[in-house]
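Close look at the chain arrangement
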Amino acid sequence: PSIRLLNRIELVREWLLEELTEFERGEVNQRWVDEEMQFLSAEDYQLGFHEFRRNRGGGGDSFDDFAAERDILARMVIRKNMAPVRQAVEKLEFVDVKALYAQLFSEEGLLNELTGHVPEHWHDICRYTLERLERNELPCEDATPYLFLQELVQGFQINHSIRHVIIDEVQDYSPFQLEFLKRLFPRARMTVLGDLNQAIFPHASAFEDHEPLFSLYGPAESRMYRLTKSYRSTREIVEFTRGMIPGGEAIEPFDRRGDVPEVKVVESREALHDEVAHSVNMLKEAGYESIGIICKTAAESDRAYRALEERGPVKLVTKDTVSFEKGVLIIPVYLAKGVEFDAVIIYDG
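The structure displayed is predicted, hence computed values, not measured ones.

Observations regarding the overall build of the protein
Secondary structure summary: the protein contains 14 helices and eight strands in total. For the protein, the residues scored as buried account for 28% of the 349 residues in total. At a minimum sequence separation of 6, the contacts of the protein that also span at least 24 residues come to 64%. Total accessible area on the protein is roughly 23,800 Å²; 53% of this is exposed by carbon and sulfur atoms.

Shown next, in the form of structure tokens:
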């Protein structure tokens, strides 16, 4: 029990390799080996002959000892057949990381025993995660904890040569992911850039406050720079939206002019689609070539596409879309991140 888990697994690997070696010795005279030897290629015989010559100290241009020849070729056959098993042991494939991870969600009370804390809706989280694992699917939130467990069991792969890590869109990372990256690159400084108001999944963000970031290296080793000038949108858009954002009054608009955004209220889904199609036509007539219709989810984007394709040419952007073209693009908000449009319509605000 006093031996670390990683060291215990290493001892198991060494034991398994020794057992395989012993098993291979016992198979040399088995009938299946002689049968397999009949199918050796000319290249295999050549390799066997070179090994024979090494064992004899060189000399001779052919096998002249039947027993030695058979022994060498038999061991070649056994090595060839056992190679996949030996490789699996070398790669620690006998460790079932998936089953280990599933234990956390299947054993009642284990999380509380390990951490002293059980989050809200834990039973629902367990059921959802186990169902996904059963289908060999890993939810995004589980990817980093799963990797962390795998590293603890199989040995942590750290990189000492990387001296600086830059992370963009850091508001979409969790504190756990940032800690994991720090552990992967222990000698690196870190520069992170982000905007709390652009978080795709606010509940998972490291930016509920700045404490998770400052705790990575400690307040004395951390600095924060606030960039308040917005160059991406027109003055009218910035002035329209900053009232919706906590601390938005600090945002300075760049002096690029444009139309004041419009808010339109409709009474039905049918009226919504008519209004969106009308707005698209007006924007086209005004000379806008790239128009984005932003939806919240992929499912909403698909519904909007099916309704709007009857009213004019539109393109649906999905996670499998390779490139963006000009025209009217219907796109979920998380894929629209960083994409520039001449004009934008929020499908359902």
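Quick look at the nonpolar core
If you look at the biggest cluster of nonpolar residues, it comprises 15 residues, and the most contacted ones within it are Val276, Val280, Ile293, Leu308, Ile330 and Ile345. Elements supplying a minimum of two residues to this core: helix 12 (269-285), strand 5 (290-295), helix 13 (298-308), strand 7 (327-332) and strand 8 (343-346). Counting residues per element, this core draws most heavily on helix 12, which supplies four residues.

A look at helix 9 (residues 175-184)
Residues of helix 9 that are buried: Leu178, Phe180, Leu181 and Leu184. One face of helix 9 carries all of its buried residues, which in axial projection span an arc of 160°. On its buried face, helix 9 sits against helix 8 (140-154), strand 1 (164-167), strand 2 (189-192) and helix 10 (211-217).

Brief notes about the packing of helix 5 (residues 97-106) against helix 7 (residues 122-134)
Put simply, helix 5 and helix 7 touch, their axes get as near as 9 Å, and they point 155° apart. Relative to helix 7, helix 5 is oriented roughly antiparallel. Every pair of crossing elements has a handedness; the one defined by helix 5 and helix 7 is left-handed. Where helix 5 abuts helix 7, its residues Lys98, Tyr101, Ala102, Leu104, Phe105 and Ser106 lie against Trp122, Ile125, Cys126, Thr129, Leu130 and Leu133. For the contact of helix 5 with helix 7, the per-class residue count stands at nine nonpolar, two polar and one charged.

Comments concerning the pairing of strand 5
A regular strand carries its side chains on alternate faces of the sheet. With six of six residues buried, strand 5 is to be regarded as a mostly interior element. Of the two faces of strand 5, both are covered, the one formed by Ser290, Gly292 and Ile294 as well as the one formed by Ile291, Ile293 and Cys295. Bridge count for strand 5 against strand 8 is four bridges, and the pairing is parallel. The residue bridging glycine 292 from the neighbouring strand is valine 344, located in strand 8.

Things to note about the pairing of strand 7
Of all the six residues making up strand 7, five are buried; the element is thus mostly covered by neighbouring parts of the structure. As paired strands, strand 5 and strand 7 are joined by six bridges and run parallel to one another. Residue pairing for strand 7: cysteine 295 is matched across the bridge by proline 332. When strand 6 (residues 315-316) meets strand 7, the two strands line up parallel, connected through two bridges. Note that in strand 7 the partner of lysine 315 across the bridge is leucine 329.

Considering the sheet that holds strand 8
What the four strands build is an open sheet, ordered 6-7-5-8; its pairing is parallel. The sheet terminates laterally at strand 6 and strand 8, the two strands that pair on one side only. Sitting on the sheet, helix 13 touches strand 5, strand 6 and strand 7, and the angle it makes with strand 7 is about 150°.

Concerning the packing of aromatic side chains
By convention here, two paired aromatic rings are described through the distance between centres and the angle between planes. Inspection of every chain in the model, using the stated rule, returns six aromatic pairs. Considering the side-chain rings of phenylalanine 148 and phenylalanine 180, the 6.5 Å spacing of their centres and the 80° angle between planes classify their relative orientation as edge-to-face. Here phenylalanine 180 lies in helix 9 and phenylalanine 148 lies in helix 8, a separation of 32 residues in the sequence. Look at phenylalanine 148 and you get partly exposed, because its relative accessible area is 23%. An aromatic cluster of three or more residues is present, and its members are Tyr101, Phe105, Trp122 and Tyr146. Note that lysine 182 overlies the ring of tyrosine 217, its terminal NZ or CZ placed 5.0 Å from the centroid.

Rules of the game
- Residues numbered from 1 in each chain as written.
- Predicted model: local features only at pLDDT ≥ 70, side-chain atom pairs only at ≥ 80, totals over all residues.
- Heavy atoms only, no water.
- Helix = DSSP H or I, 4+ residues; strand = E, 2+ residues; numbered from the N terminus.
- Buried < 20%, exposed > 50% of the residue type's maximum accessible area, 1.4 Å probe, protein only.
- Contact = heavy atoms within 4.5 Å.
- Areas by Shrake-Rupley, 256 points an atom, 1.4 Å probe, with all protein chains shown as cover.
- Core = buried A, V, L, I, M, F, W, Y, C linked by side-chain atoms within 4.5 Å.
- Arc of directions from axis to C-beta.
- Axes fitted to C-alpha atoms, helices over the stretch in contact; angles between N-to-C directions.
- Parallel < 35°, antiparallel > 145°, perpendicular 65-115°, else oblique.
- Left-handed = near helix turned anticlockwise from the far one by under 90°.
- Nonpolar A, V, L, I, M, F, W, Y, C, P; charged D, E, K, R; others polar.
- Pairing = 2+ DSSP bridges.
- Phe/Tyr/Trp six-rings, centres within 6.5 Å; stacked < 30°, edge-to-face > 60°.
- Lys NZ or Arg CZ within 6 Å of the ring centre and 35° of its normal.

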